[in-house]
Amino acid sequence: PIVLQVNQEVSRKLSVGESVILKTSNNPARFILRISEMFQYEIKKLTKRWFGTDDSRHPGVNELEKNGNVFVAGEVLLLDQYVEKGDLLPLVPEEVRSIFSQKNWSRVVGFHTRNAPHRAHEYIMLEALKLSGGDGLLISPVIGPKKRGDLLAKPLLESYSALLGSAHFPGTKALLCPFQSYPRYAGPREAVFTALCRKNMGCSHFVVGRDHTGVGNFYSSDASQKLFDQLGDIGISPIMFPPIAYDAVDRLFKEEQLCTSPKAISGTEMRKCLSREENLPNWFISDEVQEVLLRHVRLSEPLTHN
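No experiment lies behind these values; they were computed from the predicted model shown.

1. Some thoughts on the sheet that holds strand β12 (residues 262–264)
So, step 1. As summarised here, the arrangement of the three strands in space is β11-β10-β12, forming an open sheet in which the pairing is antiparallel. Looking at strand neighbours, the two that pair on one side only are β11 (252–255) and β12, the edges of this open sheet. Across the sheet, the mean angle from the axis of one strand to that of its neighbour is 45°, orientation sign disregarded.
So, step 2. Examined bridge by bridge, strand β10 (residues 244–247) and β11 share four bridges and lie antiparallel to one another. What sits directly across from Tyr246, in β11, is Phe253.
So, step 3. Its contacts with the sheet place helix α5 (residues 119–132) against β10 and β11, and it is angled at close to 70° to β11.

The structure is reproduced here in structure tokens:
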């Protein structure tokens, strides 16, 4: 859900029947909310049902706790269609489906991500394309606000642009389209949400990887698969992947448990090394992607959310 929270002090300035502007500090006013209801709800009860935990160390729980326990609801009106500057712009589902139609893609694999692509990601995307008999990939990085340490939108999108432009990746079989949303870090429930969003965009299949949309150790590695199995047919076919590693013996990527000498690939480790300007081996991340990310660090530009 999208919830609009205020604290007690702010709530006393609002009343049912009036209208308020919804905006962020960085963007112009785009929406008006006509308040039809204001109510309180116990935050810990909400987070327990939403995230499966009320532990404040969980970033989704922490975000809800700090935003106040008064919820404001009502009809939202769009004032103006805001167009952001840049080469890669978010598209509405109808526009994405239109592109698929122009490309004559009927079987499309959706790939949701908030991390720059390392080699395990590359393997998963191409393997999913093969397993599904797909015509193309929708690579859909989430670009909204994230937790501390996650990649900012600009380097995230540039890293995927570099991947699609590299000689070793079939860029013509992929469409890079930013996902104008933000992570909740809600594990299996959010995995289903992100799948349904890509279904609306026209995808027939969807990649669900290890700890998809999770955080820390709050969710088991098979939690998403269990929920998808429980729900049954939701109109888009999930393609499940276990942890993938690089086997130093035969120099192939495969399921970690099948590797003779597995070398784990971690997005967290990748971000830490790059922020220290440490070069990673080509089996970990492609040179093209790594160079784009290191450029931000060398220019003293922020790479991650603070």
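2. With respect to the packing of aromatic side chains
So, step 1. Applying the stated criterion across every chain, the model contains six aromatic pairs.
So, step 2. Note on Phe39 and Phe71: the rings are 5.5 Å apart at their centroids and 15° apart in plane angle, and the pair reads as stacked. Separated by 32 residues along the polypeptide, Phe39 in strand β3 (residues 31–40) and Phe71 in strand β4 (residues 70–78) bring together distant segments of the chain.
So, step 3. The exposure class assigned to Phe39 is partly exposed, which follows from its relative accessible area of 32%.
So, step 4. What makes Phe71 buried here is its relative accessible area of 4%.
So, step 5. The interplanar angle of 35° and the centroid separation of 5.9 Å between the aromatic rings of Phe100 and Trp105 together place this pair among those described as tilted.
So, step 6. Positioned above the aromatic ring of Tyr182 is the side chain of Arg184, whose terminal nitrogen or guanidinium carbon lies 3.9 Å from the ring centre.

3. As for the layout of surface pockets
So, step 1. Empty space within the second largest pocket amounts to approximately 890 Å³.
So, step 2. Contributing to the lining of the second largest pocket are 34 residues, with Asn115, His121, Arg210, Asp211 and Gly267 lying nearest its centre.
So, step 3. Taken together, the elements giving at least two residues each to the lining of the second largest pocket come down to β5 (108–113), α5 and α9 (267–275).
So, step 4. For the lining of the second largest pocket, the per-class residue count stands at 13 nonpolar, 13 polar and eight charged.

The rules behind the values
Counting restarts for each chain: residues are numbered from 1 in the order of the written sequence. For a predicted model such as this one, the threshold for reporting local features is a pLDDT of at least 70, and the threshold for listing and counting side-chain atom pairs is 80 or more; totals across whole chains, interfaces and linings nevertheless cover every residue. To get the side-chain values, take all heavy atoms of the structure and skip hydrogens and water. In this description, strands pair whenever DSSP reports at least two bridges between them. Working definition: helices are DSSP H or I runs of at least four residues, strands are E runs of at least two. Numbering for both runs from the N terminus. Each axis is a line fitted through C-alpha atoms, taken for helices only over the stretch in contact, and angles between the N-to-C directions span 0 to 180 degrees. What makes two residues a contact is simply this: any of their non-hydrogen atoms within 4.5 Å. Any Phe, Tyr or Trp ring, taking Trp's six-membered ring, that has another such ring centre within 6.5 Å forms a pair; planes under 30 degrees apart are called stacked, those over 60 apart edge-to-face, and the others tilted. Only protein chains enter the accessibility calculation, which uses a 1.4 Å probe; a residue whose area is less than 20% of its type maximum is buried, one above 50% is exposed, and one in between is partly exposed. Lysine NZ or arginine CZ positioned within 6 Å of the ring centre and within 35 degrees of the ring normal marks a charge as sitting over the ring. Only protein atoms enter the calculation, which uses a 1 Å grid: trapped sets of points that fit a 1.4 Å probe without letting it out are cavities, open sets showing protein on both sides within 12 Å along at least five of seven lines are pockets, and any residue with an atom within 4 Å of a point is a lining residue. Grid points are joined across faces, edges and corners, and a volume is the space filled by probe spheres set on the points. In this classification, the charged set is Asp, Glu, Lys and Arg, the nonpolar set is Ala, Val, Leu, Ile, Met, Phe, Trp, Tyr, Cys and Pro, and all remaining amino acids, among them Gly, are polar.

As far as function goes, none of this settles anything; it's purely spatial.
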